Each structure stands twice: as structure tokens, then as C-alpha cells.
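Next come the chains, spelled out residue by residue.
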Amino acid sequence: GYGVARGAQMLSLMLFLGIISRVGSGIVADRIGGTLTLLIGSFMQGIALLLYLYFDGLTSLYVISGIFGLFQGGIVPMYTVIVREFFPPSRAGATVGTVMMATLIGMAFGGWLSGAIFDWTGSYHAAFLNGIAWNLLNLSIAKFFYQGSQSRIDMGFIQAIEQGAKQ
């Protein structure tokens, strides 16, 4: 109900902060790894989506759009970092291509579906619930990969200790 110009301003703010998020997420991933960075970003994106359900004032929508942008921008690049962490370099090209294709199809479908839900219900509430549901799916997949990476780290640590004991 605020008009196209206000919506465009909020989107611009979101996208601008998304650029900062991409760079910041890379710095964070260098320190804690891609899967944990993805988990944090996805969780915080879910929080921002939840906030959209409870606030509809102009100022709060700008603030929430900024928060959303700060976390959503770093999520997609983490998929490439995770591929690097889990797959050998010989498979990187095909794997990154497949992951990015699935990501783009999912984002396009999600945007269309949320728009269709709004058209069917006349409510942004239902559309944001749809986004939250997909975010929860993303979180569960990220958690699966994170637990797998932790197991791999634990096994590497155990093997290093065994190697040291043998010497």
C-alpha cells in the first residue's frame, strides 16, 4: 500500500546491502567455513522473513529490508564455497554449474510462487510463510552438510593423532 517508488527504494536498499553481505560472508567463510556461514546467513534470513509478518509500517519495512539484504546476499556464494569444501577440483565445474542452476530455478520458482500466493490470497502474510517454509528446508540441508563437515573434521583430527602416535 505504499506505492511502487517505496517498494523500489526498499529493493534497492536490500540489494545494496546484499553486496556488502556477499563480501562479508566471504570473509566470515574464510574463518569458519562455508557451511557454518550458510547456516548463520540462512537462519538470519529466516528471522528477517519472520519480521515481515509482524511489521508493516514504512520505517520498519525499510529496516527489515536492510536486515534481509545483509543476510540474503551471502547465501548463494556460500554454495560455491561448500562445493569447494566437499568435492574434488576435478568435479568443481560441473558441480558448481548444477548447484547454481538449481539455485536460480528455485529462486525464480519461489518468487513466482510467492506472487501467485499473494494473487490467490490477497495477503503478503501467506507469501512470507511460503518463504519461511523454503528457508527452513534450506536450513535443514545446510545443517546436514554442516554435520557432515564436522564428522570429516573429527575423522581428520583422529587420523592426525593416530599418525602422530605412530611416529
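Remember, it's a predicted structure, so these values are computed and weren't measured experimentally.

As for the overall build of the protein
Looking only at helices and strands, one finds six helices and zero strands in the protein. Going from the N terminus to the C terminus, the protein shows its helices and strands as α-α-α-α-α-α. Within the protein, residue pairs in contact and separated by at least 24 positions form 73% of the contacts whose partners lie at least 6 positions apart. As displayed, the protein has an accessible area near 10400 Å², and 71% of this comes from carbon and sulfur atoms.

A word on the nonpolar core
Residues Ala-29, Leu-38, Leu-39, Ile-75, Val-76, Met-78, Tyr-79, Val-81, Ile-82, Leu-139 and Ala-142 constitute the largest nonpolar core, which totals 11 residues. At the level of elements, helix H2 (34-54), helix H4 (75-86) and helix H6 (124-166) are the ones that each hand at least two residues to this core. In terms of residue count, H4 provides more of this core than any other element does, six residues in total. Every residue in contact with Ala-29, bar those within four places of it in the chain, is listed here: Gly-34, Thr-37, Met-78 and Val-81.

Observations regarding the confidence of the model for the protein
For the protein, the average pLDDT comes to 88, and 90% of its residues sit at 70 or higher. Between the elements of the protein, mean pLDDT differs from a low of 76, seen in H6, to a high of 94, seen in helix H1 (residues 4-32).

Quick look at H1
Note: α-helices contain 3.6 residues per turn, so residues at a spacing of three or four share the same orientation. A rise of 1.5 Å per residue sets the reference length of H1, with its 29 residues, at 42 Å; its end C-alpha atoms lie 40 Å apart and thus fit the reference within 8%. For H1, the set of buried residues is Met-10, Met-14, Leu-17, Gly-18, Ser-21, Ser-25 and Ala-29. Here the buried face of H1 lies against H2, helix H3 (58-72) and H4. Phi turns positive, to about 95 degrees, at Gly-33, one or two residues after H1.

How each quantity is defined
- Per chain, the residues get numbers from 1 upward, laid out in the order the sequence is written.
- Predicted model: local features are reported for residues with pLDDT of at least 70 only, side-chain atom pairs are reported and counted for 80 or more only, and whole-chain, interface and lining totals are derived from all residues.
- By convention in this description, side-chain values take in all heavy atoms of the structure and omit both hydrogens and water.
- Helix and strand assignments come from DSSP, with helices taken as H or I runs of at least 4 residues and strands as E runs of at least 2, each series counted from the N terminus.
- We call two residues in contact whenever any of their non-hydrogen atoms come within 4.5 Å of each other.
- Using a 1.4 Å probe, accessible areas were evaluated by the Shrake-Rupley method; residue-level cover was limited to the displayed protein chains.
- Residues belong to one nonpolar core when they are buried, are Ala, Val, Leu, Ile, Met, Phe, Trp, Tyr or Cys, and are joined through side-chain atoms within 4.5 Å.
- Note on exposure labels: buried denotes an accessible area under 20% of the residue type's maximum, exposed denotes more than 50%, and partly exposed covers the range between, all computed with a 1.4 Å probe on protein chains only.
- Confidence per residue, as judged by the predictor, is encoded in pLDDT with a range of 0 to 100.
- Residue count minus one, scaled by 1.5 Å, sets the expected span of a helix.

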